[in-house]
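What the coordinates show
If you want the building blocks of each chain, they are given just below.
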Amino acid sequence: MTRLILASQSPARTKLLTEAGIHHEVLVSDVDEDAVQARYGVTDPHDTALLLARAKAEAVAALPEAEGALVLGCDSVFEFDGESHGKPYTAAVARERMLRMSGSKGTLHTGHWLVDCRDTEADFDETDDAEDRETAEGTGATLGAVSSADVHFAEMSEVDIDAYIATGEPLHCAGSFTIDGLGGAFIRKVDGDPHAVVGLSISTLRELLSHANVGITELWQVDGQ
C-alpha cells in the first residue's frame, strides 16, 4: 500500500483522514513557524498558509522515516478584516478576536503541500537492475494548493464567549474557533469546503495525489483492511 505521512500534530486533521477512510501515519515536524515567516517576510494570509504547509512537509520529507512515502503538510490561517489570525494562545487575545468576529465573517485558508519521497528512475544508476528502475513509482512531485472557505459567525454574547474560552478549545486553533467541536455552535454557515475549515480538504488532497499518479482510493482503508 502507498504510504501517506501527515506532517501535523493536529488531532482534527488525523481524525478527518481516518473518518474519510484514508490510511496514514503521523510524523510531526519541528518547524518554527515564526522563523519561517520572518525569513520570507510579510505575506498575505493565503500565501502564509501555503508557505507554512510547505515548510512542514519538506521538513518531514527530509527525515529518513519518510523514505518511500508521500508526505502531506497542512497549515491554516484565518483572515479577518484584512489581518492574518493564527492561534491566539491566550484567553485575552481569543476574547478580543471573538468579540470582533461576532455576527461577522472571515475566511479560513488551509494550505496543503505534498512531497513524493518514493524512488524515481533518477534515483537509480547504471549498476542497478533494469527491473528496479522500471518499477520505480515516485514522480518527484512537490506541489501545493490552498483551499479557502468563508465562515459566517452568529451573534455571540460575552457570556458565551467567556464560557467557550474557558474550555480551552479556541486557544490553539487558527482564528480562535473550530467547526468540528464546541465552536460549531457559533458558526452560522460556511461558503466553501467545510473540510478546509477543519484544517484539511480531502478534495484538495485528491487533486494533489493525482499529480503524483496516486488515486485517493489507493489509500482507502475500509473495515480495517
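Residues numbered from 1 in each chain as written. Predicted model: local features only at pLDDT ≥ 70, side-chain atom pairs only at ≥ 80, totals over all residues. Heavy atoms only, no water.

As annotated in an unreviewed UniProt entry, the chain is Nucleoside triphosphate pyrophosphatase from Arthrobacter cavernae. Quoted verbatim from the Sequence similarities (unreviewed entry) field of UniProt, the annotation for the chain is "Belongs to the Maf family." Taken verbatim from the UniProt record of the chain, the Subcellular location (unreviewed entry) comment is "Cytoplasm". (UniProt positions renumbered as here; feature names shortened; annotations may be inferred.)

This paragraph deals with the layout of surface pockets. Its volume calculated, the largest pocket comes out at about 970 Å³. Looking at the largest pocket, it is lined by 39 residues, and the ones nearest its centre are Arg13, Lys87, His172, Cys173 and Ala174. The element contributing the most residues to the lining of the largest pocket is helix H1 (residues 11-19), with four residues. Of the residues that constitute the lining of the largest pocket, the class distribution is 15 nonpolar, 14 polar and 10 charged. (1 Å grid on protein atoms, 1.4 Å probe; cavity = no way out; pocket = protein on both sides within 12 Å on 5 of 7 lines; lining within 4 Å. Points joined across faces, edges and corners; volume = space filled by probe spheres on them. Helix = DSSP H or I, 4+ residues; strand = E, 2+ residues; numbered from the N terminus. Nonpolar A, V, L, I, M, F, W, Y, C, P; charged D, E, K, R; others polar.)

In this structure, Leu4, Ile22, Leu72, Leu114, Leu200, Leu205 and Leu209 are the most contacted members of the largest nonpolar core, which totals 21 residues. Broken down by secondary-structure element, the contributors of at least two residues to this core are strand S1 (3-6), H1, strand S3 (69-80) and helix H8 (202-211). Counting residues per element, this core draws most heavily on H8, which supplies four residues. Aside from chain neighbours lying at most four places away, what touches Leu205 is Leu4, Leu17, Ile22, Leu72 and Leu200. One finds Phe78, Met98, Ile161 and Val197 within the second-largest nonpolar core, a separate group that totals 19 residues. (Core = buried A, V, L, I, M, F, W, Y, C linked by side-chain atoms within 4.5 Å. Buried < 20%, exposed > 50% of the residue type's maximum accessible area, 1.4 Å probe, protein only. Contact = heavy atoms within 4.5 Å.)

All right, on to the packing of helix H4 (residues 91-101) against helix H6 (residues 158-166) then. Packed helices, taken two at a time, are described by their axes: the angle between them and the distance between them. Two elements in contact, H4 and H6, have axes separated by 10 Å at closest approach and are oriented at 145°. Our pair here, H4 against H6, has a crossing hand that is right-handed. Within the contact between the two elements, H4 uses Ala91, Ala94, Arg95, Met98 and Leu99 and H6 uses Glu158, Ile161, Asp162, Tyr164 and Ile165. Residue composition of the contact of H4 with H6, by class: seven nonpolar, no polar and three charged. (Axes fitted to C-alpha atoms, helices over the stretch in contact; angles between N-to-C directions. Left-handed = near helix turned anticlockwise from the far one by under 90°.)

The next thing to look at is the side chain of Ser102. Following the sequence through the fold, Ser102 ends up in the loop between H4 and strand S5 (105-116). Residues contacting Ser102, with those up to four places away along its chain left out, are Ala154, Glu155 and Met156.

The next point concerns H1. Turning to H1, its buried residues are Arg13, Leu16 and Leu17. The buried residues of H1 occupy an angular sector of 95° when the element is viewed end-on, so they sit on one face. For H1, the exposed residues lying more than 90 degrees away from the buried face are Pro11, Thr18 and Glu19. The inward-facing, buried residues of H1 abut S1, S3, helix H7 (194-198) and H8. Directly beyond the C-terminal end of H1, a positive phi value near 75° is found at Gly21. (Arc of directions from axis to C-beta.)

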